[in-house]
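# Commentary on secondary and tertiary structure
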Amino acid sequence: MSWYTVSLLFRANCSSQSNSPTLWEERLILIEAPSPEDAEREGTIIGRRGDHEYEVRSRSTGEAKEKLRWTFDRIERVFLVEDDRIGHGTELFSRYLRDSEIQSLLTPFDDE
């Protein structure tokens, strides 16, 4: 058995018909599995269990409640954890990024 980091992507869907850009969530989970395919299969099961919804205030009126639903979209990647032992300081995930990706990661969301 090996350890894998699995990147799950979730998409937000709002009950209102707004033209705002889609909001995404990335979750990195740790899975012990015999192969990358098994880790992906287990990640998909966990991702589907992560679907949920809740009410939020309308951005346009600030009053009316809207439902925000998070839906599992896909597995983005499966990474083998290179260390034999999981513990303090174990590297679970790494990737190379372009300048545009760094700018996106470093830009905070508006709290409006």
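Just so you know, these numbers come straight off a predicted model, no measurement behind them. (Residues numbered from 1 in each chain as written. Predicted model: local features only at pLDDT ≥ 70, side-chain atom pairs only at ≥ 80, totals over all residues. Heavy atoms only, no water.)

What follows deals with the sheet that holds strand S2 (residues 24-33). A sheet is described by the order of its strands in space; here four strands give the open sequence S2-S1-S4-S3, paired in antiparallel fashion. Two strands bound the open sheet, and with one partner strand each, they are S2 and strand S3 (52-57). Direction aside, the axes of adjacent strands within the sheet are offset by 35° on average. (Pairing = 2+ DSSP bridges. Helix = DSSP H or I, 4+ residues; strand = E, 2+ residues; numbered from the N terminus. Axes fitted to C-alpha atoms, helices over the stretch in contact; angles between N-to-C directions.)

Our focus in this paragraph is helix H1 (residues 36-49). Its 14 residues give H1 an end-to-end C-alpha distance of 20 Å, which sits within 8% of 20 Å, the value for a rise of 1.5 Å per residue. The complete set of buried residues in H1 reads Ala39, Gly43, Thr44 and Gly47. Along the axis of H1, the buried residues cluster in a sector spanning 140°; they form a single face. Opposite its buried face, H1 presents the exposed residues Arg41, Arg48 and Arg49, each directed more than 90 degrees away. Elements in contact with the buried residues of H1: strand S1 (2-14), S2 and strand S4 (65-80). (Expected span 1.5 Å × (residues − 1). Buried < 20%, exposed > 50% of the residue type's maximum accessible area, 1.4 Å probe, protein only. Arc of directions from axis to C-beta. Contact = heavy atoms within 4.5 Å.)

Moving on: the pattern of salt bridges. One pass over the structure, following the stated rule, counts eight salt bridges. Salt-bridge contacts for glutamate 53 lead to arginine 69; the nearest nitrogen and oxygen are separated by 3.7 Å. A residue pair is termed long-range when its members are at least 10 positions apart, and glutamate 53 in strand S3 and arginine 69 in strand S4 qualify at 16 residues. Accessibility expressed as a relative area gives 40% for glutamate 53, which makes it partly exposed. Arginine 74 is the partner of aspartate 73 in a salt bridge, and the nearest nitrogen-oxygen pair spans 3.0 Å. The network of salt bridges with common partners includes Arg11, Asp73 and Arg74. (Salt bridge = Lys/Arg side-chain N within 4 Å of Asp/Glu carboxyl O.)

Moving on, we come to the nonpolar core. Grouped together as the largest cluster of nonpolar side chains are 13 residues, with contacts concentrated most on Val6, Leu8, Ile31 and Ala39. When contributions to this core are tallied by element, the ones reaching two or more residues are S1, S2 and S4. The biggest single contributor to this core is S1, with five residues. Beyond its immediate sequence surroundings of up to four residues, leucine 8 is in contact with Glu25, Glu26, Arg27, Ile29, Gly43, Ile46, Gly47, Phe72, Arg74 and Ile75. (Core = buried A, V, L, I, M, F, W, Y, C linked by side-chain atoms within 4.5 Å.)

Another point: the pairing of S1. Relative to S2, S1 is paired through ten bridges, and the arrangement is antiparallel. Pairing of valine 6 across the sheet is with isoleucine 29, part of S2. Pairing of S1 with S4 involves eleven bridges; the strand directions are antiparallel. Within S4, the position partnered with serine 7 by the bridge is arginine 77.

Attention now moves to the side chain of serine 7. One can find serine 7 in strand S1. Taking the relative accessible area as the measure of exposure, serine 7 reaches 0% and is therefore buried. A distance of 2.7 Å separates the side chain of serine 7 from the side chain of glutamate 26, its partner in a polar contact. In contact with serine 7, not counting residues within four places along its chain, are Glu26, Arg27, Leu28, Arg74, Ile75, Glu76 and Arg77. (Polar contact = N/O pair within 3.5 Å; in protein donor to acceptor, adjacent residues only side chain to side chain.)

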